[in-house]
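Examination of the molecular architecture
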Amino acid sequence: MNLDARTSSTLMPALRPLLRRLNAAVWLEHTLPALSVLAGLWATLMVLLKLLAPQWLTAGWASAAVTLCAPLYGYWQARRRGLFFAPRDGAELADHWFRNDGQVSAFFERPALYPGLDIAAFHTQLQQALKARSLRLRPTFYLRRLAPALLYVSAALLIPPRPPQEDPTAYQESTRALIEPIVQRLEEHKDLLPHKRLQEALADLHQLQESQDRLTREKWEALEQLEQHVQDVLDQSRQATTNVAEALRDLTSGPGFRENPLAAAQNPQFPAALQDLKELLNLSSADLPPGVREQLQSTLQQLDRMCQGESRLAGADRDVIMQQLEQLQEQLDSLLQNLEQGAGALRAGRGGRDRGRGDAAMAYGQPQPLANPQFAPDRLENRYLNPEDLVDLGITLLRPEPDPDQFSPGTLQSFDTQRGQAVSRTRISPSQREVVSKYFSERTEQGE
Amino acid sequence: MEEERTNLQEHVDGAQARIQHLLAGLNRVLLGKPQLTEHLVTGILAGGHVLLEGLPGIGKTELVKGLARLCAITYRRVQFTPDLLPSDITGSFILQEEAGRRDFAFQEGPVFTNVLLGDEINRASPKTQSALLEAMAERSVTVLGQTRRLPDPFFVIATQNPIELEGTYPLPEAQVDRFLFKLRLDQPGADVLSDIVRNRVRGLPPALEPVLDLASVRELIQLASHVYISEAVAAYIARLVQASHPSDPTAPPLVKQYVRYGASPRAAISLASAAQAQALLRGRVQAGFDSVTELFAAVMNHRLILDYSARVDAVTVDTILSAILQAVEPTAKPLPAGVR
């Protein structure tokens, strides 16, 4: 039975708007659940990507295109289940809304039954009846059905992506960059530092080095504290050594001590000076380098015996004592020199807690000769100011326009005329200051 | 045939005028029951049998007599009693002597008529009741192996009394199913009763003149069968009948709970025929959804077999039929939820 063959097309103009709305509603009814499911799955995927693999988020956004399958699925489902309204179904529906007497259906199927029917009037009546019952799609209905999915998707999109996981070795590298100078310094002065304090400091540094956490403020401060502690220990050691060396120098530089130490020891002031030296040794024994302390104690015992006028001290022994005293004095001088070098080890921009970090005021330490290999001139290509690259800006009341090619991005230009003269300053980053400082100190030394 | 279709509307228009005369006459016989008389005429036009149920004295017999008189067709009445025999209805062979020769001759029973009024049909024994089965279904009777056609048209209009059930035999389901309608005659209202008292002389029926004849009745029945039933209406009938079965997924909860057996396909055919007849009665060339809805209860109320629990819970057939009408969508495809 071919319905189309006996379908009346005369009713179609009246039925078409009705069918269009009905079929749109059917399509939406089957599309929205699929759309909700797909949107929900996509949102879940996005949440998982944000939490587990943020680097795949771009692909996740692209996968939103899957939701476009929902309209196709809805159409396929409705068509497969035969839910779309055919013209015949529309005629049936119009029949109910018109007079419910079967005339529209019968006319649709067999127009020949109504040879005398006034088609125009019939159409008019039918259209009026359909207009009175005209169907409208309800946006709120569809929004309500879509609302859970929309809320879920919105919530999923609002979840921030997890920050990319940082490489723990990078933390260790950055920590190592801070720790290594301290370790190096400890290694340099391991003979000067008390053994126990050296071991404690190395253990603390090792613990910090092995930690896989990021470089936290606490860790940074601990390192600075440790560095400060090392510096304090070195300072104390230097101070103790200086005191001991001066006391020893005072003791042995007395009149006639070098010619006849035994006679000099009989001087009534010598025991008191020796006693002062002993007390000084006792007080600062913890701060002295380990080898110096034992040697100094041994020498003091011999001086003490000499002071008591023991006859066992022969001429050869006196020579030995004098030799030991000279060695000790030399050792102390050398030690002091090393400690002085250590005291000047503070670097630019590493001013410690009190002076802040970064662009804090620079401490250059003690003046050093230019022959020091640390200060060997080093030409840095294309990064720092070179003499040949300098441009004379002159004095102007106008703000100078710096050539961006001549200044590194780390420089900061300032210009003011408050004091009656134009001043153009260029502040440079701390990492560049040391180089600039070295450059100008070298020029100063050369009298330029 | 095409010409017949072309002229169908004219034929229907002409038929409607005659039917209106018939209805007017019947409404003079049975006062205050226009819907019942319309249903009765619908049943006649559909060529179906009608079961009238009502208390004594309501006017059942007078209604049938009036119908026969107005249609000018033969009418016979059988009072069903427990001792009534099948041969009393169908007829039997009797020994006759003609010209000295004895022979068995068939003596037609009262069933050989156009309208058979079976008064209090539930008082006859099942054997006698079943004698009507063939007559009602096939419009023929078979006696001693000989089948005889009944007059055309042939209607059985039976009455039964809903009270005094003692000594009665409920009609077998097969026979009940052969009745197109089961119509209930209720007690008339006070105003109608007042009209009856004023206008009706005791024992005398109203004077009626035939408005139709046998040929006209046949023509009307024929014409009713030509009334067009669209596929949408046919599908609606099918859905309604299908929903009366408790095992059907579209059946409403009341049907699933209280109905043991739903309506048969014959019920669907009967409903379609009745809708066609009512369309003719209303001057239409097509059966409508409204007719199906309106006649649904009359066609179905004697075809559903209810569970015992329905009686326990006082659930009537009418309640269930209303539930079916409400549950079944008039359109094949329900409206999408997103439109208004």
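Residues numbered from 1 in each chain as written. Chains lettered and ligands numbered in written order. Predicted model: local features only at pLDDT ≥ 70, side-chain atom pairs only at ≥ 80, totals over all residues. Heavy atoms only, no water.

In terms of helices and strands, chain B carries 15 helices and 11 strands. Taking all 340 residues of chain B together, 52% fall into the buried category. Across chain B, the fraction of contacts at a sequence separation of at least 24, relative to all contacts at a separation of at least 6, is 76%. (Helix = DSSP H or I, 4+ residues; strand = E, 2+ residues; numbered from the N terminus. Buried < 20%, exposed > 50% of the residue type's maximum accessible area, 1.4 Å probe, protein only. Contact = heavy atoms within 4.5 Å.)

Before going further, it helps to spend a moment on the packing of helix α12 (residues 265–281) of chain B against helix α13 (residues 289–300) of chain B. All names here are of chain B. The geometry of α12 relative to α13 is characterised by a closest axis approach of 9 Å and an angle of 130 degrees between their N-to-C directions. Between α12 and α13, the interaxial angle falls into the category oblique. For α12 against α13, the interelement crossing comes out right-handed. Contacts from Ala-267, Ser-270, Leu-271, Ala-274, Ala-275 and Gln-278 in α12 reach Ser-291, Val-292, Glu-294, Leu-295, Phe-296, Val-299 and Met-300 in α13. Here the contact of α12 with α13 is built from residues that sort into 9 nonpolar, 3 polar and 1 charged. (Axes fitted to C-alpha atoms, helices over the stretch in contact; angles between N-to-C directions. Parallel < 35°, antiparallel > 145°, perpendicular 65-115°, else oblique. Left-handed = near helix turned anticlockwise from the far one by under 90°. Nonpolar A, V, L, I, M, F, W, Y, C, P; charged D, E, K, R; others polar.)

Now for the interface of chain A and chain B. Reports often express the size of an interface as the amount of accessible area lost when the parts come together. Across the boundary between the two partners, chain A contributes 39 residues, which contact 27 residues of chain B. Taken together, both faces of the contact between chain A and chain B bury some 2800 Å²; the carbon and sulfur share is 59%. Across the chain A-chain B interface, the total number found is 3 salt bridges. Inspection of the chain A/chain B interface yields 14 residue pairs in polar contact (both at pLDDT 80 or more). (Buried area = accessible area lost by both parts, 1.4 Å probe. Salt bridge = Lys/Arg side-chain N within 4 Å of Asp/Glu carboxyl O. Polar contact = N/O pair within 3.5 Å; in protein donor to acceptor, adjacent residues only side chain to side chain.)

All names here are of chain B. In this structure, the second largest pocket spans a volume of roughly 940 Å³. Those elements that place two or more of their residues in the lining of the second largest pocket are β1 (49–54), α7 (173–176), β9 (179–185), β11 (305–306) and α14 (308–312). Ranked by residues supplied to the lining of the second largest pocket, first place goes to α14 with 3 residues. The class makeup of the residues in the lining of the second largest pocket is 15 nonpolar, 7 polar and 8 charged. (1 Å grid on protein atoms, 1.4 Å probe; cavity = no way out; pocket = protein on both sides within 12 Å on 5 of 7 lines; lining within 4 Å. Points joined across faces, edges and corners; volume = space filled by probe spheres on them.)

A few words now on the confidence of the model for chain A. Residues and elements named next belong to chain A. On average, residues of chain A carry a pLDDT of 74, and 67% of them reach 70 or more. The element-level mean pLDDT for chain A is lowest in helix α15 (residues 352–355), coming to 45, with helix α3 (residues 69–80) highest at 91. Here residues 1–6 scores under 50 on pLDDT; set against residues more than four positions off or in separate chains, the count is 8 contacts. Low confidence marks residues 343–363, where pLDDT is under 50. Its contacts with residues over four positions away, or in another chain, come to 30 contacts. (pLDDT = per-residue confidence, 0-100.)

All names here are of chain B. Pairing is parallel in the open sheet, where 5 strands are placed in the order β2-β5-β8-β1-β9. Pairing within the sheet leaves two strands with one partner each, and these edge strands are β2 (75–79) and β9. Sheet twist, expressed as the mean angle between neighbouring strand axes with direction ignored, is 20 degrees. Pairing of strand β5 (residues 115–119) with strand β8 (residues 155–160), which is carried by 4 bridges, proceeds in the parallel orientation. (Pairing = 2+ DSSP bridges.)

We now examine the packing of helix α1 (residues 12–52) of chain A against helix α7 (residues 139–158) of chain A. Residues and elements named next belong to chain A. Across the interface, α1 lies against α7 with an axial gap of 9 Å and an inter-helix angle of 15 degrees. With respect to α7, the axis of α1 lies roughly parallel. The way α1 lies across α7 gives a crossing that is left-handed. Considered class by class, the residues forming the contact of α1 with α7 number 16 nonpolar, 3 polar and 3 charged.

Here we come to unusual backbone geometry. Residue and element names in this part refer to chain B. In the segment running from Asp-152 into Pro-153, the intervening peptide bond is cis, with an omega of 0 degrees. Mapped onto the elements of the fold, Pro-153 is located in the loop between β7 (146–149) and β8. Residues other than glycine seldom take positive phi values, yet Arg-139 does so here, at roughly 55 degrees.

Let us now look at the packing of aromatic side chains. If you walk through the whole model with that rule in mind, you get 10 aromatic pairs over all chains. Ring plane angle 45 degrees and centroid distance 6.0 Å describe the contact between Tyr73(A) and Trp76(A), whose orientation is recorded as tilted. You can see Tyr73(A) and its partner Trp76(A) sitting in helix α3, 3 residues apart, about one turn around the helix. These aromatic residues form a ring-pair network of at least three members: Phe98(A), Phe107(A), Tyr114(A) and Phe122(A). Between the NZ or CZ atom of Arg80(A) and the centre of the ring of Trp76(A), over which it lies, the distance is 5.2 Å. Above the face of the Phe85(A) ring, Lys333(B) is positioned so that its terminal group lies 5.9 Å from the ring centre. (Phe/Tyr/Trp six-rings, centres within 6.5 Å; stacked < 30°, edge-to-face > 60°. Lys NZ or Arg CZ within 6 Å of the ring centre and 35° of its normal.)

This brings us to the nonpolar core. All names here are of chain B. Ranked by size, the top nonpolar core spans 114 residues in total, and within it Ile-19, Phe-181, Leu-280 and Ile-324 carry the most contacts. With sequence-adjacent residues up to four places away left out, Ile-19 is seen in contact with Val-41, Leu-45, Leu-220, Leu-280 and Leu-281. Core analysis: the second largest hydrophobic core is formed by 24 residues, Val-78, Ile-121, Ala-158 and Phe-179 among them. (Core = buried A, V, L, I, M, F, W, Y, C linked by side-chain atoms within 4.5 Å.)

Across a regular strand the side chains alternate sides, sitting on one face of the sheet and then on the other. β5(B) sits mainly inside the fold: 5 of its 5 residues count as buried. Neither face of β5(B) is exposed, since Val115(B), Leu117(B) and Asp119(B) on one face and Leu116(B) and Gly118(B) on the opposite face are all buried.

Residue and element names in this part refer to chain B. Within this structure, the stated rule accounts for 18 salt bridges over all chains. For Glu-219, the salt bridge identified is with Arg-18, shortest N-O distance 3.6 Å. Remark: Arg-18 occurs in helix α2 (residues 8–29) and Glu-219 occurs in helix α9 (residues 214–226); sequence separation between them is 201 residues. The closest approach of N and O atoms between Asp-290 and Arg-284, which form a salt bridge, is 2.8 Å. You can call Asp-290 buried: its relative accessible area is 19%. The exposure class of Arg-284 is buried, given its relative accessible area of 16%. Bridged by salt links that share partners, the residues Glu-53, Lys-182, Arg-184 and Asp-318 form one connected network.

All names here are of chain A. A cluster of nonpolar side chains, namely Leu-48, Leu-51, Leu-52 and Ile-159, defines an oily patch on the protein surface of about 360 Å² accessible area. The topology assignment puts Leu-52 in helix α1. Judged by its relative accessible area of 62%, Leu-52 is exposed. (Patch = residues over 30% accessible without salt bridge, like charges linked within 9 Å, V, L, I, M, F, W, Y side chains within 5 Å. Areas by Shrake-Rupley, 256 points an atom, 1.4 Å probe, with all protein chains shown as cover.)

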